[in-house]
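# A structural walkthrough
One-letter residues, chain by chain:
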Amino acid sequence: TCIFSTDGFLSSILVNLGIWSEGHNLLMNGSHTWLKMWLWGTWKGIGWSAIIYIAAISGIDVQLYEAATVDGAGRFQKMWHVTLPGLLPTFFVLLLMSIANILTNGLDQYLCFTNAQNAQSIRVLDLYVYQLGMGSSGSIPLSTVVGMFKSVISVVLLFVANGASKLLRGESII
């Protein structure tokens, strides 16, 4: 709210630079809703992935880097021959998790940012299932079927991606 409101950080900078004549509330505005949701979700995902990758890098044995230094490897060669192969298992696990969650787009984010301005353009599958089950119609059986169908598709995608990983790398998660 402090960043994206009418008198927030971003609007203040854009008004001071002369790009906008007055501040705009980017959270309440209904234009470019999908782009904003994608950007905020990507920003959140980058932060979470950075934490996981930094943890994976810290788990790589230091002796491998020392051996590469003794062999005359520079920084780029250490990254290419030690760090990247050490990150491959983490990368493939995160890739498989992302493919399995491709139909899940974060109900909490869309539920929090829904308002009267963007209610029609922010409809996503998770929000639809939630509103179908908890809304005024209260169609719990239909929302259960839609949610289970989404889960079945996600499991099928997970097994397909796992099979592709096994074909390419010779290893699988499951």
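Residues numbered from 1 in each chain as written. Predicted model: local features only at pLDDT ≥ 70, side-chain atom pairs only at ≥ 80, totals over all residues. Heavy atoms only, no water.

### Here we look at the pattern of salt bridges
A full pass over the atoms with the stated rule returns 2 salt bridges. Here K150 ties to D126 by a salt bridge, and the two come within 2.8 Å at their closest N and O atoms. Pair noted here: K150 is in helix α7 (residues 140-169) and D126 is in helix α6 (residues 125-134), with a separation of 24 residues, a long-range link. A relative accessible area of 13% means that K150 is categorised as buried. Judged by its relative accessible area of 10%, D126 falls in the buried class. Residue E171 is joined to R169 by a salt bridge in which the shortest nitrogen-to-oxygen separation is 2.8 Å. Exposure remark for E171: the relative accessible area of 47% places this residue in the partly exposed category. (Salt bridge = Lys/Arg side-chain N within 4 Å of Asp/Glu carboxyl O. Helix = DSSP H or I, 4+ residues; strand = E, 2+ residues; numbered from the N terminus. Buried < 20%, exposed > 50% of the residue type's maximum accessible area, 1.4 Å probe, protein only.)

### Details of a nonpolar patch on the surface
A cluster of nonpolar residues, V93, M97, V155, F159, I173 and I174, forms a patch on the protein surface that exposes about 550 Å² of accessible area. Counting only elements with at least two residues in the nonpolar patch, the list comes to α4 (75-100) and α7. Counting through the fold element by element, V93 comes out in helix α4. (Patch = residues over 30% accessible without salt bridge, like charges linked within 9 Å, V, L, I, M, F, W, Y side chains within 5 Å. Areas by Shrake-Rupley, 256 points an atom, 1.4 Å probe, with all protein chains shown as cover.)

### A word on the packing of α6 against α7
The geometry of α6 relative to α7 is characterised by a closest axis approach of 7 Å and an angle of 155° between their N-to-C directions. Between α6 and α7, the angle falls in the class roughly antiparallel. In this structure, the crossing between α6 and α7 has a hand that is left-handed. Residue-level inspection shows L125, D126, V129, L132 and G133 of α6 in contact with α7, the latter providing I140, L142, S143, V146, G147 and K150. Among the residues forming the contact of α6 with α7, the class breakdown is 6 nonpolar, 3 polar and 2 charged. (Axes fitted to C-alpha atoms, helices over the stretch in contact; angles between N-to-C directions. Parallel < 35°, antiparallel > 145°, perpendicular 65-115°, else oblique. Left-handed = near helix turned anticlockwise from the far one by under 90°. Contact = heavy atoms within 4.5 Å. Nonpolar A, V, L, I, M, F, W, Y, C, P; charged D, E, K, R; others polar.)

### Section: the side chain of S143
As for its placement among the helices and strands, S143 is situated in helix α7. In this structure the side chain of S143 is engaged in a polar contact, spanning 2.9 Å, whose partner is the backbone oxygen of I140. Look past the residues within four positions of S143 in its chain and what remains in contact with it is V129, L132 and G133. (Polar contact = N/O pair within 3.5 Å; in protein donor to acceptor, adjacent residues only side chain to side chain.)

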